[in-house]
Amino acid sequence: MTTAMIVGPCGGFHELSLSPPLLQALDRAGYREPTPIQAAFIPEALTGRDVIGQAQTGTGKTAAFLLPFLNHWRDENRPGPQAIILAPTRELVVQVAEEAAKLSPHRHCRTVPIYGGQRFGTQLALLKRGCHIVVGTPGRVLDHLSRGTLTLERVRYVVLDEADRMLDIGFRPDIEKILRRCPPQRQTLLLSATLPPPVLRLAQRYMVDPININLSPEKITVENIRQTYFTVDEDRKFELLLKVCAREQPRQCIIFCERKRWVEDVYRMLRKHLPRVAAMHGDLPQSLRNRIMQGFRDGKIVYLVATDVVGRGIDVRNISHVINYDIPLDPENYVHRIGRTGRLGADGIAIAFVTPEQGEQLTEIERFINKMLDEDQIPGFQAYTPRVRTTNGEAPKPVVPIFGRRIKRYSNRL
Ligand code: ADP
Ligand code: MG
């Protein structure tokens, strides 16, 4: 693997030698200048080689992987897409497909989103009409492949967005099956804000001599997100949440819980106290998930209580706050969750609730992001009872954290 030199800031998109129709599309989208990852990633991808791109959340990785394909797009009237983009959640698939449509250089350049929970027939009709780009979740793409309603024979461009998640144990078998159906002489691109070394090593299996562009070697989280934490007893978290919401008055806010059940619990309690609250997790019917996402994008929903189903990739510019009601087990997920705010240079606030037993988990996150979080407090509110030593002088037994063990099939939990 080659590691790239990081280039300095660059001028407008025309310096990247993109086609005139694509430059017009960028202009219509209001994209004036490439972001640093776009400036570094696009020229490499345009050469046709495999590229791995790591850059912080909200820095324009989607356009970085879409533009090289859109630049080479040809209006071929043959069955099957020329590009396939895989993403971990249905909501992200929809969002990426919309970005592809927005940046499309020609009205004949069509993108079809393929994801579970939507009627098969609807997707089939779109595929039959012909499309050039498929954006999909692995499960539903495999369904179409096994039914023979999708062929990847003409694919020459493959993207794994949120690549570390796509290659984790839950998704990897599906990804491997899909990659086997793509021609070997394809171009493969991997992007994420977090690409730990084991994932990079694993990625070599699916790529040919990739170049690695890493724009966040030291600072994994962006500077413009203010990060604090509260020490709080489990049974005082909800009271604290109300106080934090009253103090912060968020424009829009995601409140992350580790489990679907807990999302429901917090949602039911919170809606009694605040207006414009909704819940989001994988057990809700897809039509409702779509409506909730729309309501959140439109700003009608202010507080979204959610699992990690919206932890990655989701881009809603107005999100001012991310509250980790439960801190995540995996430090990577912390980075992605808080990255729902502070998008593209905007300011954001991330607040984590940490129980006295979770100190080690917080330390692990701090080590991962190479940054200490400041302790936060609500004046006059005792969020936790300091632990007293037992009479025989021994420290009290630590309470076993609820997540003593990493859950392997992560996707099952969302
Ligand atoms: P990432 O995938 O790195 O988290 P996204 O691709 O979701 O980031 O982009 C974040 C936001 O920035 C999106 O709203 C996108 O429309 C916008 N954006 C991307 N590139 C540009 C650009 N060059 N100029 C202006 N806005 C951009
Ligand atoms: Mg993204």
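Just so you know, these numbers come straight off a predicted model, no measurement behind them.

Peer 1: Is there a simple way to think about the site of ligand 1 in this case?
Peer 2: Around ligand 1 there are 18 residues in total, and Tyr31, Glu33, Gly58, Thr62 and Asp315 lie nearest to it. Backbone polar atom of Glu33 to a nitrogen atom of ligand 1: 2.8 Å apart, as the coordinates give it. One of the backbone nitrogen or oxygen atoms of Thr59 is found 3.1 Å away from an oxygen atom of ligand 1. About the coverage of ligand 1: the protein hides 90% of its 560 Å² of free accessible area. Elements with a minimum of two residues in the shell around ligand 1: α3 (61–72) and α4 (90–102). The residue makeup of the shell around ligand 1 includes at least three contributed by each of domain 1 (2–214) and domain 2 (225–398).

Peer 1: Help me understand the packing of aromatic side chains in this model?
Peer 2: Inspection of the entire model under this criterion finds three aromatic pairs. An angle of 90 degrees between the planes, with centres 6.1 Å apart, marks the rings of Phe230 and Phe353 as edge-to-face. Taken together, the positions of Phe230 in strand β9 (residues 225–231) and Phe353 in strand β14 (residues 348–354) put the pair 123 residues apart, joining distant regions of the chain. Grouping residues by exposure puts Phe230 and Phe353 together as buried. Judged by centre distance (5.7 Å) and plane angle (45 degrees), the rings of Tyr325 and Phe353 are tilted.

Peer 1: How should I be thinking about the sheet that holds β9 in this particular structure?
Peer 2: Two strands in a sheet stick together by hydrogen bonds in their backbones, pointing the same way (parallel) or opposite ways (antiparallel). An order of β11-β12-β10-β13-β14-β9-β15 is seen for the seven strands of this open sheet, with the pairing classed as parallel. Of all the strands in the sheet, just β11 (277–280) and β15 (374–375) have a single pairing partner and so form its edges.

Peer 1: Help me understand helix α8 (residues 172–180), please; the structure alone is not making it clear to me.
Peer 2: Every buried residue of α8 is listed here: Asp174, Ile175, Ile178 and Leu179. Taken around the axis of α8, the buried residues stretch over an arc of 135 degrees, which confines them to a single face. Looking at the buried residues of α8, the elements they touch are β3 (83–86), α6 (138–147), β6 (157–161) and α7 (163–166).

Peer 1: It is not clear to me how the packing of α3 against α4 should be interpreted in this structure. Could you clarify?
Peer 2: When two helices pack together, their arrangement is captured by the angle between the axes and the distance separating the axes. Orientation of α3 relative to α4, taken along the N-to-C sense of each, is 45 degrees, at an axis distance of 10 Å. Judged by the angle between their axes, α3 and α4 are oblique. Classified by chirality, the crossing of α4 by α3 is right-handed. Between α3 and α4, the contacting residues are Thr62, Ala63, Phe65, Leu66 and Leu70 on the first element and Val96, Glu99 and Ala100 on the second.

Analysis parameters
- Residues numbered from 1 in each chain as written.
- Chains lettered and ligands numbered in written order.
- Predicted model: local features only at pLDDT ≥ 70, side-chain atom pairs only at ≥ 80, totals over all residues.
- Heavy atoms only, no water.
- Near = heavy atom within 4 Å.
- Polar contact = N/O pair within 3.5 Å; in protein donor to acceptor, adjacent residues only side chain to side chain.
- Areas by Shrake-Rupley, 256 points an atom, 1.4 Å probe, with all protein chains shown as cover.
- Helix = DSSP H or I, 4+ residues; strand = E, 2+ residues; numbered from the N terminus.
- Domains from an automatic or database assignment.
- Phe/Tyr/Trp six-rings, centres within 6.5 Å; stacked < 30°, edge-to-face > 60°.
- Buried < 20%, exposed > 50% of the residue type's maximum accessible area, 1.4 Å probe, protein only.
- Pairing = 2+ DSSP bridges.
- Arc of directions from axis to C-beta.
- Contact = heavy atoms within 4.5 Å.
- Axes fitted to C-alpha atoms, helices over the stretch in contact; angles between N-to-C directions.
- Parallel < 35°, antiparallel > 145°, perpendicular 65-115°, else oblique.
- Left-handed = near helix turned anticlockwise from the far one by under 90°.

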